[in-house]
Amino acid sequence: MKTDYLNRCDGDVRALLQNVEQKLNVLIEFVGDDRLNTCGPTGHGMLKTRVEPLPPRIYFPTNGYFSNGAIWHELSHIRRALVDSVPFITCAARGAEELDNAVEHLFIVPGEILKYPERVLHWDLTVQKLWTEMIPFVSVNELPAMDLCSRPCKIP
Ligand SMILES: [Zn+2]
């Protein structure tokens, strides 16, 4: 992680970052992305994660938006996928990636809100958007085609 960005993180985020990087034996890259400056449920910016290929990347807005809770959230995605090897939902149906992400949020977001209560607004708005955009996108007829696959372990 770039030192300037690391210096803005609280102790919990730094500890999680260092734990994940040590277990993966790789440094997570932080990449500024102008396209994220007006995203997110409040329009102030949002973070995004690319888990694979290694090294994992966390993309952040370049408008100054900074949230320890958001970084903790993205690190949790990386930890669950690459350290804990949590199975992911995959299928050829449209919306599988979004559905997997929504299921992951069932595990990540409660701990995130417990640690960072200010994230409630973000998730309240995000869930409202999810109900109006994602749920109609996944056809009930496509659900039986889904299956669970294990992520290959990347730890040497
Ligand atoms: Zn997420």
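Scroll up to find the structure.
This is a predicted model, so every value here is computed, not measured.

*Asks:* Residue-level account of the overall build of the chain, with values.
*Replies:* Scanning the chain for helices and strands turns up five helices and five strands. Going from the N terminus to the C terminus, the chain shows its helices and strands as α-α-β-β-β-α-β-α-α-β. In the chain, which comprises 156 residues, the proportion classed as buried is 40%. Contacts in the chain between residues at least 24 apart in sequence constitute 69% of all its contacts with a sequence separation of at least 6.

*Asks:* Describe the sheet that holds strand β3 (residues 57-60), and please don't skip the residues or the numbers.
*Replies:* Think of a sheet as strands paired side by side through backbone hydrogen bonds, with each pair either parallel or antiparallel. Taken together, three strands build an open sheet; the order of strands is β1-β3-β2 and the sheet is mixed. Looking along the sheet, the strands with just one partner apiece sit at the ends: β1 (29-32) and β2 (48-50). Put simply, the sheet's adjacent strands are angled 25° from each other on average, direction ignored. One ladder, built from four bridges, connects β1 with β3; its direction is parallel. Paired with Phe30 across the bridge in β3 is Ile58.

*Asks:* For the coordination of the zinc ion, give the residues involved together with the corresponding values.
*Replies:* Distances from the zinc ion to its protein donors, namely His73 (NE2), His77 (NE2) and His105 (NE2), fall within the range 2.0 Å. Sequence spacing of the donors to the zinc ion: H-x3-H-x27-H. Placement of both His73 and His77 in helix α3 (residues 68-83) is noted, with a separation of four residues, approximately one turn of the helix.

*Asks:* Residue-level account of the environment of Arg50, with values.
*Replies:* Locating Arg50 in the fold gives a position in strand β2. Taking relative accessible area as the criterion, Arg50 reaches 23% and is therefore assigned partly exposed. Expressed as a C-alpha distance, the spacing of Arg50 and His77, which sit 27 residues apart in the sequence, is 9.3 Å. Among all residues touching Arg50, those that are not within four sequence positions of it are Pro55, Pro56, Arg57 and Tyr59.

*Asks:* Which residues make up the pairing of β3, and what are the values?
*Replies:* Where β2 and β3 come together, three bridges link them in antiparallel fashion. In the sheet register, Arg50 faces β3, and the bridge partner there is Arg57. The turn joining β2 and β3, which pair antiparallel and follow one another in sequence, is formed by six residues.

The rules we used
All residue numbers refer to positions counted from 1 along the written sequence of the respective chain. This being a predicted model, a pLDDT of at least 70 is required before a residue's local features are given, and a value of 80 or more before pairs of side-chain atoms are given or counted; all residues contribute to the totals for chains, interfaces and linings. The side-chain quantities take in all heavy atoms of the structure and omit both hydrogens and water. Helix and strand labels come from DSSP, where a helix needs a run of H or I of at least four residues and a strand needs a run of E of at least two; each type is numbered from the N terminus. Relative accessibility thresholds used throughout: buried, under 20% of the residue-type maximum; exposed, over 50%; partly exposed, between the two (1.4 Å probe, protein chains only). Whether two residues touch is decided by their heavy atoms; if any such pair falls within 4.5 Å, the residues are in contact. At least two DSSP bridges between two strands are needed for those strands to be called paired. A fitted line through C-alpha atoms serves as each axis, taken over the contacting stretch for helices, and the angle formed by two N-to-C directions is quoted from 0 to 180°. The donor definition counts N, O and S atoms within 2.8 Å of each metal and applies 3.2 Å to Na, K and Ca; water is not among these atoms, so some sites may look incomplete.

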